[in-house]
4 protein chains.
Amino acid sequence: MEAFAENGYAATRVEEVAKRAGVSKGLLYLYFKTKEDLFKAVIRNFVSPRLDALIQDIGNSDLTAEEFLRGPFLDFAKKVPRSPARVLARLMIAEGPKHPDLVAWYWENVVSKGMAAIRTVLEKGVRGGEFHRSAVDDFPQLLVSPVLFAMVWTQVFDAHDKLDTDGLMEGHISLVLNSIKVDR
Amino acid sequence: MEAFAENGYAATRVEEVAKRAGVSKGLLYLYFKTKEDLFKAVIRNFVSPRLDALIQDIGNSDLTAEEFLRGPFLDFAKKVPRSPARVLARLMIAEGPKHPDLVAWYWENVVSKGMAAIRTVLEKGVRGGEFHRSAVDDFPQLLVSPVLFAMVWTQVFDAHDKLDTDGLMEGHISLVLNSIKVDR
Amino acid sequence: MEAFAENGYAATRVEEVAKRAGVSKGLLYLYFKTKEDLFKAVIRNFVSPRLDALIQDIGNSDLTAEEFLRGPFLDFAKKVPRSPARVLARLMIAEGPKHPDLVAWYWENVVSKGMAAIRTVLEKGVRGGEFHRSAVDDFPQLLVSPVLFAMVWTQVFDAHDKLDTDGLMEGHISLVLNSIKVDR
Amino acid sequence: MEAFAENGYAATRVEEVAKRAGVSKGLLYLYFKTKEDLFKAVIRNFVSPRLDALIQDIGNSDLTAEEFLRGPFLDFAKKVPRSPARVLARLMIAEGPKHPDLVAWYWENVVSKGMAAIRTVLEKGVRGGEFHRSAVDDFPQLLVSPVLFAMVWTQVFDAHDKLDTDGLMEGHISLVLNSIKVDR
DNA sequence: TATGAATGAGATTTCATTCAT
DNA sequence: TATGAATGAAATCTCATTCAT
């Protein structure tokens, strides 16, 4: 994963992967038929347990929607942009269009689940009278777009303008809540 | 640009670029010392005139901040995610870390200018009493993160979930404005 | 060595070297980073064991200086001009100025040692009263210049005037000895 | 000539020759059909007028053979090793075997004439009773071998051991004369 | 299971030569 | 006569993949 993350799929040499794994090139070909196979396996095995945990939380928790957003979700949103997961995001952006089955797998196992989870929280908020209906109901992506943004920014522009990702996430959540919360 | 956008830097053959340009491989090497040089030149010559126009607008316009966000800015935000610029964004994300001078150029000529422009609009809004202070003043990135998000999504996940980018942008602007506008 | 000797460095194709070695182009690049590396390795591994033997002889032998020049040295001088070493000489002349580190290596490991050996013999002759002081003490090169001359001539002008290299060498030694020997 | 001398035939680019000549590549091809044609023309036009002058001298002069060797010949032998002609020698050694017609031309116009001239001088010496018969009569090459040697050495080993070419030549002539002069 | 030497197809790069102007 | 943009064949070099051990 390290190697692919640094150089992208095409520019990563199989030998480089073998070296970092401490094995010979030949052994890789015993386990994976082609370089692409190897790449896919690498990506698939790199699933964030954090996201799964978060999704689990939603069902089990007895927090209000706002508490959830300010608590576990914000937590998650703060950790991800500087976690190893960010390189996976970059890889998916870079290589996705050339590896549709990888995107499909990623969509099914990660993205769609995540989106569903967010919808669940928002609906809970609306039903419970915490939130009024708003754009985020139709576009739950608005809730996560700064997360993606931060993952990208930290990998591309950090040298020119280091982003306070924690602050960004806190600001984002307060901005959204300020917009969708029902006044009492 | 087409070729690099489709395949990424490493996977694009110089011959492919030459063929699409309707010239011979050799000619490219007459103008560019290496494949990397060629790549950099391609990227640099692909500046969105749209962004420049938008930045110009800000100085000249006599619109209120809200009118600006709902007008020219929303316009821009709707057009970009499906414009050719999106492939440039993807290329920068994919190849940036391996080509720091390209990132530096892009930062200076595009990103920092854009960020400054947004700050100008927001300050105008605050000074004019339209907006109260909020997270977007510290993190103007929050205003553009859905634009990046949409550019990425449309290139990676469109096959699985086609995003209504216009709707997303409208929703985003209304969400933000709802949060930062001063009540009267 | 054959290939480089025939065509010179620039005009020799790596593929040609590989073919003569009975391996693939790729393998050469596994062992040598560049064509130049390969070339240097070829040259360095082509050390004449004959010269080393000659140099050894000087220390060990109990011959008089004249006997040495008429014996082992003349032997060496007769063999070299038509030995494989001559192509190495031609290569060093042709390619040396473009590969200074190769010249440096050759100087240290071959030429300077050879010159020192000749000086040793001449000094022995002078000290032993065989030879009087002469120009060859200051310019031991005079003793070997016909060897180089013959190596060059046989490679360039043989078709036009075949040189009797053995005769040349014998004539040279007798000429020199006639000039430097002390009359008794 | 400069360009070919520095890099050898194969490694010299036609463009480099054109640049140094201050003309365009295209113009060269107006005057010379191929790179090889150009090369041959360059070599042929670079004839040392010095050698011709020397050869003339022999016929005309009323010097004794010894006076000639110590005078005009030594003069010539001192000048040549550091003159532009030395690069021509290196080129002939390097490229000769690949360009037989060039060697043939050079042989006819330069080398054979030079050798004949030397023979003339030596015969004059022998006939005039100055010299007794010796190896140089059969191998006049012995008289010029230090000249070639010095031309090569100065181009290959000067950085490691700068040769006093004037001293070398004086030593050579005195050594030879000492050997072949008739005692009186 | 594991190695690493070896291959060969294909990529980048070079450069003699041509040709429209 | 002169240019220099353009070509394309061939060179160097890379690297995924194979295979004997």
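If you're wondering where the values come from, they're calculated on a predicted model, not measured in any experiment.

A. Spotlight on the overall build of chain A. Of the regular secondary structure elements, chain A holds eleven helices and zero strands. The order of helices and strands in chain A, counted from the N terminus, is α-α-α-α-α-α-α-α-α-α-α. Referenced to the eigenvectors of the C-alpha coordinate spread, the extents of chain A come out at roughly 65 × 35 × 25 Å. Residue burial in chain A is summarised as follows: out of 184 residues, 52% are buried. The contacts in chain A between residues at least 6 apart in sequence include a share of 68% that link residues at least 24 apart.

B. Just the protein's contact with DNA strand F, in detail. Lining the immediate surroundings of DNA strand F are 29 residues, of which Arg-13, Tyr-29 and Lys-35 of chain A together with Arg-13 and Tyr-29 of chain C lie closest. A distance of 2.7 Å is found between a phosphate oxygen of DNA strand F and a backbone nitrogen or oxygen belonging to Lys-35 of chain A. Separating a phosphate oxygen of DNA strand F from a backbone N or O atom of Val-14 of chain C is a distance of 3.0 Å. Of all the secondary structure elements, the ones that give two or more residues to the surface near DNA strand F are helix 3 (25-31) of chain A, helix 3 (25-31) of chain B, helix 3 (25-31) of chain C together with helix 3 (25-31) of chain D.

C. The arrangement of the relation of the copies chain C and chain D in detail. The two copies are related by a screw motion: chain C maps onto chain D through a turn of 180° and a shift of 0.0 Å along the axis, at an RMSD of 0.1 Å. One copy is carried onto the other by what is essentially a two-fold rotation axis. Here 100% of the contact residues of chain C are again contact residues in chain D; the copies associate through an equivalent surface.

D. View of the protein's contact with DNA strand E. Contacts to DNA strand E come from 28 residues, most closely from Arg-13 and Tyr-29 of chain B together with Arg-13, Tyr-29 and Lys-35 of chain D. Those atoms of DNA strand E that come within 4 Å of the protein belong to sugar or phosphate at a rate of 66%. Taking Lys-25 of chain B, its side chain carries an N or O atom lying 3.3 Å from a base oxygen of DNA strand E. In the model, a phosphate oxygen of DNA strand E is placed 2.8 Å from a nitrogen or oxygen of the Val-14 of chain D main chain. Elements with a minimum of two residues in the surface near DNA strand E: helix 3 of chain A, helix 3 of chain B, helix 3 of chain C together with helix 3 of chain D. Looking at side-chain class alone, the surface near DNA strand E contains twelve nonpolar, eight polar and eight charged residues.

E. Representation of the interface of chain A and chain B in the model. On the chain B side, the residues contacting the 47 residues of chain A number 47 residues. Mapped by element, the contributors of at least two residues to the side of chain A that touches chain B are helix 1 (2-11), helix 7 (85-95), helix 8 (100-127), helix 9 (135-138), helix 10 (141-156) and helix 11 (165-180) of chain A. Among the elements that line the side of chain A that touches chain B, the one with the most residues is helix 10 of chain A, at eleven residues. Looking at the side of chain A that touches chain B residue by residue, the classes come out as 29 nonpolar, 13 polar and five charged.

F. Quick look at the domain arrangement of chain A. Residue and element names in this part refer to chain A. As far as domains go, chain A holds domain 1 (1-34) and domain 2 (47-180). Using only C-alpha atoms to locate each centre, domain 1 and domain 2 end up separated by 30 Å. Domain 1 puts seven residues into the contact, and the matching count from domain 2 is six residues. Interface of domain 1 and domain 2: buried area, both sides summed, is about 490 Å²; carbon and sulfur atoms make up 70% of it. The largest share of the area that domain 1 buries against domain 2 comes from Met-1, Ala-5 and Tyr-9, three residues that together contribute 80% of it. The tally of links from domain 1 across to domain 2 stands at zero salt bridges. At the boundary of domain 1 with domain 2, the tally comes to two residue pairs in polar contact (both at pLDDT 80 or more). Broken down by class, the residue content of the side of domain 1 that touches domain 2 amounts to five nonpolar, one polar and one charged.

G. Fine view of the interface of chain C and chain D. Taken together, the contact pairs 47 residues of chain C with 47 residues of chain D. Both sides of the chain C and chain D interface together cover about 4,100 Å² of buried area, and 77% of this is carbon and sulfur. Broken down residue by residue, the surface that chain C buries against chain D is led by Trp-107, Phe-149 and Leu-175 of chain C, which jointly contribute 15%. At the boundary of chain C and chain D, one finds zero salt bridges. Our count for the contact surface shared by chain C and chain D stands at eleven residue pairs in polar contact (both at pLDDT 80 or more). Put simply, the parts of the chain that give the side of chain C that touches chain D at least two residues each are helix 1 (2-11), helix 7 (85-95), helix 8 (100-127), helix 9 (135-138), helix 10 (141-156) and helix 11 (165-180) of chain C. The dominant element in the side of chain C that touches chain D, judged by the number of residues it contributes, is helix 10 of chain C, at eleven residues. Among the residues making up the side of chain C that touches chain D, the classes are represented as 29 nonpolar, 13 polar and five charged.

H. Broad picture of the packing of helix 5 (residues 49-60) of chain A against helix 8 of chain A. All names here are of chain A. In contact at an axis separation of 10 Å, helix 5 and helix 8 are set at 30° when each is read in the N-to-C sense. As judged from the angle between their axes, helix 5 and helix 8 are roughly parallel. Note on packing geometry: the crossing formed by helix 5 with helix 8 is left-handed. Packed against helix 5, whose contacting residues are Leu-51, Ile-55 and Ile-58, the element helix 8 presents Val-110, Lys-113, Gly-114, Ala-117, Thr-120 and Val-121 at the interface. The residue makeup of the contact of helix 5 with helix 8, split by class, is six nonpolar, two polar and one charged.

I. Representation of the relation of the copies chain A and chain B. Between chain A and chain B, which share one sequence, the superposing operator has a rotation angle of 180° and an axial displacement of 0.0 Å; the RMSD is 0.1 Å. Both copies present the same face, since 100% of the interface residues in chain A are matched by interface residues at the equivalent positions in chain B.

J. A look at the side chain of Thr-12 of chain A. Tracing the backbone shows Thr-12 of chain A in the loop between helix 1 and helix 2 (14-21). Excluding its chain neighbours within four sequence positions, the residues that come into contact with Thr-12 of chain A are Ala-3, Phe-4, Asn-7, Val-17 and Lys-35 of chain A.

Quick notes on the rules
Residues numbered from 1 in each chain as written. Chains lettered and ligands numbered in written order. Predicted model: local features only at pLDDT ≥ 70, side-chain atom pairs only at ≥ 80, totals over all residues. Heavy atoms only, no water. Helix = DSSP H or I, 4+ residues; strand = E, 2+ residues; numbered from the N terminus. Buried < 20%, exposed > 50% of the residue type's maximum accessible area, 1.4 Å probe, protein only. Contact = heavy atoms within 4.5 Å. Near = heavy atom within 4 Å. Polar contact = N/O pair within 3.5 Å; in protein donor to acceptor, adjacent residues only side chain to side chain. Least-squares fit on C-alpha atoms with pLDDT ≥ 70 in both. Nonpolar A, V, L, I, M, F, W, Y, C, P; charged D, E, K, R; others polar. Domains from an automatic or database assignment. Buried area = accessible area lost by both parts, 1.4 Å probe. Salt bridge = Lys/Arg side-chain N within 4 Å of Asp/Glu carboxyl O. Axes fitted to C-alpha atoms, helices over the stretch in contact; angles between N-to-C directions. Parallel < 35°, antiparallel > 145°, perpendicular 65-115°, else oblique. Left-handed = near helix turned anticlockwise from the far one by under 90°.

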